[in-house]
Structure formats: structure tokens, C-alpha cells
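Spelled out from the first residue to the last, the chains are:
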Amino acid sequence: MDGYAVYSFPFGQLKIGYRDGAVTLLMRTDEPACEEGRTALTELVFQQVMEYWNGERREFDFPYLLRGTPFQEKVWRALRDIPYGETRTYGQIAAAVGSPKACRAVGMANHQNPILIAVPCHRVIGANGKLVGYGSGLDMKEALLTLEKGERGKESAP
């Protein structure tokens, strides 16, 4: 990572890491927001995240790099195929990447996803329909899914 910036957003702080003009990290953090490290790229990313949060955006078009194992990268590609407002189970993602018995491995790949929200691991739920396993907290996962289902007013906050 060449640098990073930290912004305040509805779930505390949002850390945006970057290298060579592309985002390498988008995650919830406990680090305090600060002006240091902000660039035109981090401003764009933050703007798009807030547009998403305000119900004004469904897709992201900022450049990002995903680096992981070949299996993780397959899972992350499959996550990007889940439409806005829909969910898939870990088993469905495992089947989609050609490893139908790899539900736990899909869960681990989700946990290692470095680009939250834009690579929508929050759209993956348990086989029983329950919200399970979100690295940024189940409160955030529930809020993102509620937002995408249109069950939250634009002015609401968690």
C-alpha cells in the first residue's frame, strides 16, 4: 500500500488504501479520521461510498486491485456478480466457483475481502437465511442489506 486515508462515515471510520492509482483496501477501522493521505482517488471513493449509502448509487466505478489466492479471486469475482438488493448463500457461491463443498473456504475468502461494499461480501448469508460472518460487524452487514432492499429511508442512520 502506497498510502491511505481515513474518513468518517455512518459506521465510524472508513479506511481507503491505495497503490499506483488503484484502491487496494476499503474497510471499517477504529483509526481516527484525518486529512493526511487524502488524494483525488480517495475523495472519489469516499464520494461513491456515500452516494451508495444515501441510496443514490448501486455500482462502483473506481479502480481497485484485488490480490489473493486463485480461489479467493474466484470468490471475489463471484461476489461482484450478485445483483444489488439480492443475496446468495455461501453454498451458492461455492457452487458458482466450481467447488460446491467449499462453503467454509468461501466464508474465509469473504473474510479476507479487502474491498468492502464495492466487492459485496455483505450479500452472502447463511443457508438458513441468517446473517453470519461479516468482518466489519453484523450491524453494518444488516444495514447494508436493509439499504439495498429499500427498507431504510435515505436520512436514516444506524
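Provided above is the structure to which this section pertains.
As a convention, each chain's residues are numbered from 1 in the sequence order in which they are written. Totals for whole chains, interfaces and linings use all residues, but because this is a predicted model, local features are given only for residues with pLDDT of at least 70 and pairs of side-chain atoms are given and counted only at 80 or more. Just so you know, side-chain values use all the structure's heavy atoms and leave hydrogens and water out.

Peer 1: Whenever I open this one, the overall build of the protein chain confuses me. Can you help?
Peer 2: Labels follow the DSSP assignment, with helices taken as runs of H or I lasting at least four residues and strands as runs of E lasting at least two, numbered in each case from the N terminus. Helices and strands together make up the secondary structure of the protein chain, namely five helices and five strands. When its helices and strands are written in sequence order, the protein chain yields β-β-β-α-α-β-α-α-β-α. Radius of gyration here uses only the C-alpha atoms, and the compact-globule reference equals 2.2 Å multiplied by the residue count raised to the power 0.38. For a compact globule of 158 residues, the expected C-alpha radius of gyration is about 15 Å, and the protein chain comes in at 15 Å, within 12% of that figure. Taken along its principal axes, the extent of the C-alpha atoms in the protein chain is 45 × 35 × 25 Å. The buried share of the protein chain, taken over its 158 residues, is 46%. Residue pairs at least 24 apart in sequence account for 54% of intrachain contacts in the protein chain once pairs closer than 6 positions are excluded. Only carbon and sulfur atoms are counted for the fraction: they give 49% of the accessible area of the protein chain, which is about 8200 Å². Charged residues are defined narrowly, with Lys and Arg counted positive, Asp and Glu counted negative, and His plus the chain ends left uncounted. Lys charges are placed at NZ, Arg charges at CZ, Asp charges at CG and Glu charges at CD. Looking at the protein chain, you have 19 positive and 19 negative side-chain charges, and the mean spots of the two groups are 9 Å apart. Type-normalised accessible area, obtained with a 1.4 Å probe on protein chains alone, sets the label of each residue: buried when under 20%, exposed when over 50%, and partly exposed for intermediate values. Here, residues are in contact when the closest pair of their heavy atoms is within 4.5 Å. In this description, accessible areas are obtained by the Shrake-Rupley approach with a 1.4 Å probe, and a residue is regarded as covered only by the protein chains that are shown.

Peer 1: How should I be thinking about the sheet that holds strand S2 (residues 12–19) in this particular structure?
Peer 2: Working definition: the strands of a sheet are paired by backbone hydrogen bonds and lie parallel or antiparallel to each other. A pair of strands is treated as paired once DSSP finds two or more bridges between them. Ordered by their spatial adjacency, three strands build an open sheet running S1-S2-S3, and the pairing between neighbours is antiparallel. The open sheet has two edge strands, strand S1 (3–9) and strand S3 (22–29), and neither has a second partner. Taken over all neighbouring pairs, the strand axes of this sheet differ in orientation by 20° on average, direction set aside. The sheet contact formed by S1 and S2 spans seven bridges and is antiparallel. Note that in S2 the partner of Tyr 4 across the bridge is Gly 17. In this fold helix H1 (residues 40–53) packs onto S1, S2 and S3, with an angle of close to 30° to the strand it touches most, S1. Think of each axis as a best-fit line through the C-alpha atoms, taken over the contacting stretch in the case of a helix, with angles from 0 to 180 degrees between the N-to-C directions.

Peer 1: Looking at this model, I keep getting lost on the pairing of S2. Mind explaining?
Peer 2: Looking down a regular strand, the side chains alternate between one sheet face and the other. For S2, the tally of buried residues reaches six of eight residues, placing the bulk of the element in the interior. Hairpin remark: S1 followed by S2, antiparallel, with two residues in the connecting loop. Looking at chain direction, S2 and S3 are connected through seven bridges and run antiparallel. Across the sheet, Ile 16 pairs through a bridge with Leu 26, a residue of S3. From the end of S2 to the start of S3, which pair antiparallel, there are two residues, and Asp 20 there has a positive phi angle of about 50°.

Peer 1: Just to check I follow, could you spell out the layout of surface pockets for this structure?
Peer 2: Where empty space is left in the structure can be found by rolling a water-sized probe over the atoms. Approximately 220 Å³ is the volume found for the largest pocket. Cavity and pocket criteria rest on a 1 Å grid covering protein atoms alone: a 1.4 Å probe that fits but cannot get out defines a cavity, protein on both sides within 12 Å along at least 5 of 7 lines defines an open pocket, and an atom within 4 Å of a point defines a lining residue. Forming the boundary of the largest pocket are Arg 58, Glu 59, Phe 60, Tyr 64, Arg 80, Ile 82, Pro 83, Tyr 84, Ile 117, Ala 118, Pro 120 and Arg 123. Nonpolar residues are Ala, Val, Leu, Ile, Met, Phe, Trp, Tyr, Cys and Pro. Charged residues are Asp, Glu, Lys and Arg, and all others, Gly as well, are polar. Of the residues contributing to the lining of the largest pocket, the split by class is eight nonpolar, no polar and four charged. Grid points are joined across faces, edges and corners, and a volume is the space filled by probe spheres set on the points.

Peer 1: Quick question: what am I supposed to make of helix H2 (residues 70–80) here?
Peer 2: Since there are 3.6 residues in each turn of an α-helix, residues three or four apart along the chain are aligned in direction. Within the span of H2, buried status applies to Gln 72, Val 75, Trp 76, Ala 78 and Leu 79. For H2, the angular spread of the buried residues around the axis is 160°, confining them to a single face. In the core, the buried residues of H2 are packed alongside helix H3 (90–96), helix H4 (103–111) and strand S5 (124–125). Arc definition: it is the arc formed by the directions from the helix axis to the C-beta atoms.

Peer 1: Please explain the pattern of salt bridges as it appears in this structure.
Peer 2: Close approach of charged atoms allows side chains with opposite charge to pair. One side-chain nitrogen of Lys or Arg within 4 Å of one carboxyl oxygen of Asp or Glu is enough to make a salt bridge. According to the stated counting rule, one finds seven salt bridges in the structure shown. A salt bridge links Arg 19 to Asp 2, with the shortest nitrogen-to-oxygen separation between them at 3.9 Å. Highlighted residues: Arg 19 in strand S2 and Asp 2 in the segment before S1, separated in sequence by 17 residues. Among the ionic pairs, Glu 31 bridges to Lys 15, the shortest N-O distance being 2.8 Å. Of this pair, Glu 31 sits in the loop between S3 and H1 while Lys 15 sits in strand S2, and the two are 16 residues apart along the sequence.

So yeah, pure geometry; function would need other evidence.
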